[in-house]
Every structure is written in C-alpha cells, then in structure tokens.
Amino acid sequence: LSGDAVDTYGDTISFGSSVKVEKDSITVKDGKYSFITYNLPDRGWNTEGTINFVPRIYKIAVEFDPSVNGTSNLKFDVLDTFLLKDPYGVDMTGLDCNTTMTVEGFPTLPASTYIGDGFGRAGDGGTRVCLDPESINLIDDNIENGFWITDEYGPLMYKFDPTGLLLEAIAPPEAFLPLRKGVRSFASNNPPIYNPDLDVGDNDSGRTDNQGFEGSALSTDGKYLYSLLQSATVQDGGLEKYTNRNVRFLQYDITKSTPELVAEYVLQLPTYNDPSKKASKNPRSAAQSEMLYLSEDLFLVLARDNNRGRAQESTESIYRHADIYSIKGATNILGLYDGPTDAIANPNTGALNPDIIPATHYDFIDFNNNTELAKFGFHNGGDDDSTLLNEKWEGLELIPVECTTDEFYLLTVSDDDFITQNGFMDFGTFPYADGSGANLDNQALVFKVKIPILASELASSCISSSSSSLSSSSSSLSSSSSSASA
C-alpha cells in the first residue's frame with residue numbers, strides 16, 4: 001500500500017503496528033483468499049515531534065493469491081477508519097503524556113495537556129488521554145465484540161467497544177509504571193512538535209521510554225490476555241541495548257468482573273552482534289515488536305534490530321526473526337518483583353537473577369533471507385530503494401491454508417512511521433513533508449508455515465468446493481487459527 005495513501009479522514013496511512021484478521025471473513029475461491037483485517041497505526045507522524053493525532057484503526061479488505069509469484073499477489077483496500085475515544089467520547093491523542101486523568105472506574109490514565117491545536121497552530125488547547133497503540137486483538141475474532149489495544153505510554157491495556165469507545169483499562173504492577181524522581185511520569189521524552197526542545201530525560205524505573213507494551217495476545221478460548229514489554233524495564237537494565245534483554249510478560253484472566261493477574265514470566269530477547277559497535281556494547285538485544293498465542297505454553301514473538309532498513313543508518317538488517325517461546329517450566333515471578341523499583345536483573349550487566357528460569361527460546365523464521373526475498377523482488381541490504389525492507393516489522397497474524405490440518409499463512413506487516421513527502425494529518429488539514437526526504441510504502445510479507453501444535457484443533461476434512469468459508473466450515477478451524485486475536 002502506497003505510503004501516500006490516505007484513510008477515510010484524509011490522513012496518511014501507516015498500517016503496520018499490528019494486524020488482526022476477522023476470522024469469519026475468510027473465504028477461499030479457486031485457491032484465492034479474501035478476508036478483512038483491522039490494522040493499527042501508532043501515535044502518528046512524529047519524526048519532528050509528537051502531534052495531536054487521533055489514534056485509530058483501519059478496516060482493510062485483503063486479497064491474496066498464493067499461486068502468483070510476484071508482489072501483485074497481495075492487495076489491500078482501505079474500507080473504513082475508526083477513531084479511538086476516551087470513556088467520555090472525546091478523541092484520544094498521540095501527543096506525549098505530560099499529565100494524568102482521573103475517570104471513575106478506571107486506573108489513573110496517562111494524558112496530555114496541549115496548547116493551540118496540538119499541531120503548532122492556533123487553537124483553544126485542551127487535555128486528552130494519550131495513547132501510543134502497538135497491538136490489537138479482536139474479541140472472539142470479530143470487531144463487533146470489541147477489541148483490546150496495548151499501549152507504550154503507560155504502559156496500559158485498553159478495551160474498546162466496536163465504535164472505538166474506551167470501556168476498560170488495566171494497569172500493570174508498579175514495577176512496570178514509570179517514575180521520575182519518585183513521581184509517576186508517563187512521558188516518553190518525545191516532546192510535542194510545538195515545543196521540540198523540551199527534555200524531561202529518562203525515567204528512573206518502570207518501562208523504558210518508548211518500550212512499553214509492544215506485544216499482546218488473547219488465548220483461543222478468550223480467557224486470558226497476555227502483554228509483553230518491548231524490552232526490559234529501567235531497573236532491569238532497560239537503558240542500554242546490551243543489558244535490556246530480560247523482558248516481563250503478564251497473563252491476565254479477563255473473565256473475572258475485574259481482570260486478575262495470574263502469572264508473570266521473563267522472556268530473554270534474542271541477541272546479535274553489531275559490527276559498528278564496540279565489543280563492550282555487544283551483544284545487543286533485538287527488541288520484540290509483536291506476539292501471537294499458539295497454545296497455553298507457546299507463543300510466536302517477532303523481534304528485530306533497529307536503525308536498519310529503508311531510510312535508516314544502514315540498509316542491512318542483522319536480525320529480524322519471528323521465533324517461538326515456551327513458558328513451560330519458566331518461573332512464575334508474580335508478586336516477587338512487582339514493587340516500584342524491584343529488579344529481576346542486574347541493571348549494569350543485564351544478568352538475570354539466578355532464582356528465575358526464563359522462557360525457552362526457539363529459532364523459527366528469519367525475515368532477512370535474501371534468497372526468499374528475491375523471489376518477490378525484495379532484498380535486505382544494498383540499495384536504499386522501494387524494494388528494500390522497511391526497518392520496523394511489527395504485525396503478525398495467522399491464516400489457515402486450505403485443505404491442510406497444520407499449515408498457515410503468516411501475514412506480517414511493517415510500520416513505515418508515516419514517512420512520506422506528501423503527508424497529511426489532522427483530518428487532512430495539516431500537510432507535511434518528512435524531514436528524512438524519503439518515501440516509504442506500507443510493506444507486507446507472507447510466509448507459509450507448518451505449526452503442528454495447532455493441528456489437533458483444526459478441521460480434518462479438506463475444503464473442496466470452489467467457494468468456501470474457512471471460518472464457517474468448522475468452528476474448530478476458526479478458533480484454532482486465532483493466534484493473537486483468538
């Protein structure tokens with residue numbers, strides 16, 4: 001999808017922070033797949049400062065023809081846009097947080113008080129709940145049941161109704177929530193575009209700036225909501241790439257009248273060596289960008305390096321993987337390290353506390369395989385052109401393959417950060433040209449994968465008619481393929 005494309009409000013589209021398929025929309029005709037996705041942008045164009053962008057989700061129709069060996073085999077058509085609103089029906093904002101809001105029945109909500117219109121122009125100012133959305137999950141696979149979104153600013157977890165109205169919020173344990181000089185501060189040190197020199201510095205504990213809840217998942221039965229930080233909290237070594245690999249992972253029972261935290265685990269991020277850094281700064285952690293539920297023990301986690309890809313410091317990415325983690329046998333640390341400054345690792349070395357057994361990591365998919373990418377005219381490294389992979393791959397979703405019991409198409413999407421020279425924000429009234437001078441398209445890759453762990457829940461019969469609905473042919477097929485959106 002072109003980086004110049006606009007949504008139904010006239011704003012530039014960036015569709016890659018997260019993607020979920022509405023499972024009952026999946027149909028197959030003559031081997032060609034069609035389905036509806038709901039895609040999530042993050043807080044809006046912010047390379048020159050955060051702006052008063054209204055967080056939203058896109059409804060996108062997708063056509064996929066796996067028999068075509070070229071980029072034309074995957075097509076996106078934007079159908080609608082849903083704005084995200086606070087419990088009072090007021091638009092939320094992508095501006096960095098500088099205050100809080102109290103709403104009855106909710107935890108303290110991160111908020112932003114802005115001047116003018118929040119874009120550096122005249123206006124009356126105001127205060128809105130701030131949101132940097134990074135992961136979306138459809139409840140029971142259907143937007144009509146509402147959806148959950150996880151946030152980097154808080155970090156919090158938010159439940160919305162089908163129209164985008166905020167219904168519920170979950171705040172994690174105190175160890176996750178940022179403190180500056182002993183005071184709660186949800187700022188991520190990303191000043192607004194109208195005050196670019198504002199510098200609040202790093203927080204002293206809690207989630208690291210811009211490293212909140214990047215990944216989330218729902219279990220296939222809809223009972224559990226999982227959330228995963230992008231990297232370690234500050235007190236766990238989060239301020240440096242070579243000490244921030246120990247990441248906290250939460251499991252909530254959301255069938256209760258009040259969501260109940262039932263488990264907390266540690267995932268150790270994959271590491272890689274960056275030849276441009278000193279030996280003392282290696283190995284470096286590949287921050288996670290999304291996760292999918294596979295079973296009660298197994299999760300697919302997307303992790304990557306940074307500043308490598310289109311319009312970045314280097315065109316060659318060293319590490320982009322979708323790997324598997326097992327929490328079977330991992331230590332449940334719930335309640336043991338959840339105080340405001342409690343640490344699970346040495347902040348100076350990143351060494352995990354010896355009494356904690358982390359989740360087990362297994363290699364699975366390497367995005368940077370140039371032999372595979374070349375089949376579709378793409379590449380990692382080399383010329384900085386339109387067929388070079390974008391830096392940020394942040395969305396994962398599984399679609400069952402027709403006539404199989406354990407094969408899936410893994411749809412992955414990239415976040416292009418709204419980088420274009422023909423951009424629009426604020427409902428089409430705020431034109432911009434990104435200072436990088438680059439034009440990035442919204443990119444997607446599809447991998448065909450075999451995941452036997454899901455086989456027992458799949459329909460065993462082949463869908464042989466010329467036009468079939470994958471989700472309606474068997475209830476077990478719909479639920480088994482649910483991955484993160486369950």
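So, a few notes on the structure that sits alongside this text. (Residues numbered from 1 in each chain as written. Predicted model: local features only at pLDDT ≥ 70, side-chain atom pairs only at ≥ 80, totals over all residues. Heavy atoms only, no water.)

Further remarks concern the nonpolar core. In this structure, Trp-148, Phe-249 and Met-291 are the most contacted members of the largest nonpolar core, which totals 31 residues. Val-21, Phe-35, Ile-51 and Val-413 belong to the second-largest nonpolar core, a separate cluster that totals 29 residues. (Core = buried A, V, L, I, M, F, W, Y, C linked by side-chain atoms within 4.5 Å. Buried < 20%, exposed > 50% of the residue type's maximum accessible area, 1.4 Å probe, protein only.)

So, on to the sheet that holds strand 20 (residues 287-293). What links the strands of a sheet is backbone hydrogen bonding, and the strands pair in either a parallel or an antiparallel sense. Spatially, 20-21-22-23 is the arrangement adopted by the four strands of the open sheet, whose pairing is antiparallel. The sheet terminates laterally at strand 20 and strand 23 (360-366), the two strands that pair on one side only. With strand direction ignored, the average angle separating the axes of adjacent strands in the sheet is 30°. Sheet analysis places strand 20 next to strand 21 (residues 298-304), joined by six bridges and oriented antiparallel. Looking at strand 21, one finds that Tyr-293 is bridged to Phe-299. (Pairing = 2+ DSSP bridges. Helix = DSSP H or I, 4+ residues; strand = E, 2+ residues; numbered from the N terminus. Axes fitted to C-alpha atoms, helices over the stretch in contact; angles between N-to-C directions.)

A few words on the pattern of salt bridges. Scanning the model with the defined rule gives 23 salt bridges in all. Here Asp-209 and Arg-207 are joined by a salt bridge, their closest N and O atoms 3.3 Å apart. Of the two residues, Asp-209 and Arg-207, neither departs from the other in class, the shared state being buried. Notably, a salt bridge pairs Lys-450 with Asp-406, separated by 3.3 Å at the nearest N-O pair. Residue Lys-450 is located in strand 28 (residues 444-450), and its partner Asp-406 is located in the loop between strand 24 (392-400) and strand 25 (407-415); the two are separated by 44 residues in the primary sequence. For Lys-450, a relative accessible area of 47% gives the class partly exposed. Put simply, Asp-236, Arg-248, Glu-264 and Asp-338 are held in one network by salt bridges that share partners. (Salt bridge = Lys/Arg side-chain N within 4 Å of Asp/Glu carboxyl O.)

Right, let's get into the state of the cysteines. In the structure shown here, the tally under the stated rule is one disulfide. The disulfide that involves Cys-97 links it to Cys-130, with 2.0 Å between the sulfurs. Taking the torsion about the sulfur-sulfur bond, which here is approximately 115°, the covalent link between Cys-97 and Cys-130 counts as right-handed. Of this pair, Cys-97 sits in the loop between strand 4 (74-83) and strand 5 (99-101) while Cys-130 sits in the loop between strand 7 (126-129) and strand 8 (133-138), and the two are 33 residues apart along the sequence. For Cys-97, a relative accessible area of 3% translates into the label buried. (Disulfide = S-S within 2.5 Å.)

The next subject is the pairing of strand 28. Here strand 28 shows a buried face lined by Leu-445, Phe-447 and Val-449 and an unburied face lined by Ala-444, Val-446, Lys-448 and Lys-450. Pairing analysis gives seven bridges linking strand 25 to strand 28, with the strands arranged antiparallel. When the bridges of strand 28 are listed, Val-413 appears paired with Ala-444.

This part is about the sheet that holds strand 7. If you walk across this open sheet you meet the three strands as 5-6-7, and the pairing is antiparallel. Edge positions in the sheet fall to strand 5 and strand 7, since each has one partner strand and no second. Ignoring which end each strand starts from, the neighbouring axes of this sheet average 45° apart. Relative to strand 7, strand 6 (residues 109-114) is paired through four bridges, and the arrangement is antiparallel. Within strand 7, the position partnered with Ser-112 by the bridge is Arg-128.

To continue, consider unusual backbone geometry. Of note, the bond from Gly-154 into Pro-155 is cis; its omega dihedral lies within 30 degrees of zero at 5°. Tracing the chain through its elements places Pro-155 in the loop between strand 9 (147-151) and strand 10 (157-160). With an omega of -10°, the peptide bond between Asn-282 and Pro-283 qualifies as cis. Mapped onto the secondary structure, Pro-283 falls in the loop between strand 18 (271-272) and strand 19 (284-285). Within the chain, Asp-140 stands out as a residue other than glycine whose phi angle is a positive 50°.

What follows concerns the environment of Phe-53. Residue position: Phe-53 is located in the loop between strand 2 (32-40) and strand 3 (56-64). Assessed through its relative accessible area of 1%, Phe-53 is described here as buried. For the pair Phe-53 and Gly-118, spaced 65 residues apart in the sequence, the C-alpha separation amounts to 8.5 Å.

Mapped onto the secondary structure, Asp-323 falls in strand 22 (residues 320-326). With no salt bridge to any partner, buried Asp-323 finds its closest opposite charge in Arg-245, at an N-O distance of 9.8 Å. In this structure the side chain of Asp-323 is engaged in a polar contact, spanning 2.8 Å, whose partner is the backbone nitrogen of Phe-364. Filtering out sequence-adjacent residues up to four positions away, Asp-323 remains in contact with Pro-270, Phe-299, Leu-300, Val-301, His-361, Tyr-362, Asp-363, Phe-364 and Ile-365. (Lys, Arg positive; Asp, Glu negative; His and termini not counted. Polar contact = N/O pair within 3.5 Å; in protein donor to acceptor, adjacent residues only side chain to side chain. Contact = heavy atoms within 4.5 Å.)

Let's shift gears to the packing of aromatic side chains. A full pass over the atoms with the stated rule returns 22 aromatic pairs. Between the aromatic rings of Phe-176 and Phe-213, the centroid separation amounts to 5.9 Å while the plane-to-plane angle is 40°, which identifies the pairing as tilted. Taken as a pair, Phe-176 in the loop between strand 11 (166-170) and strand 12 (179-180) and Phe-213 in strand 14 (residues 213-218) lie far apart in primary sequence, 37 residues in all. Here Phe-176 and Phe-213 have matching classes, each one buried. Seen from their ring centres, Tyr-224 and Tyr-226 are 6.3 Å apart, and the 55° between their planes marks the pair as tilted. Residue class for Tyr-224 comes out partly exposed when judged on its relative accessible area of 21%. (Phe/Tyr/Trp six-rings, centres within 6.5 Å; stacked < 30°, edge-to-face > 60°.)

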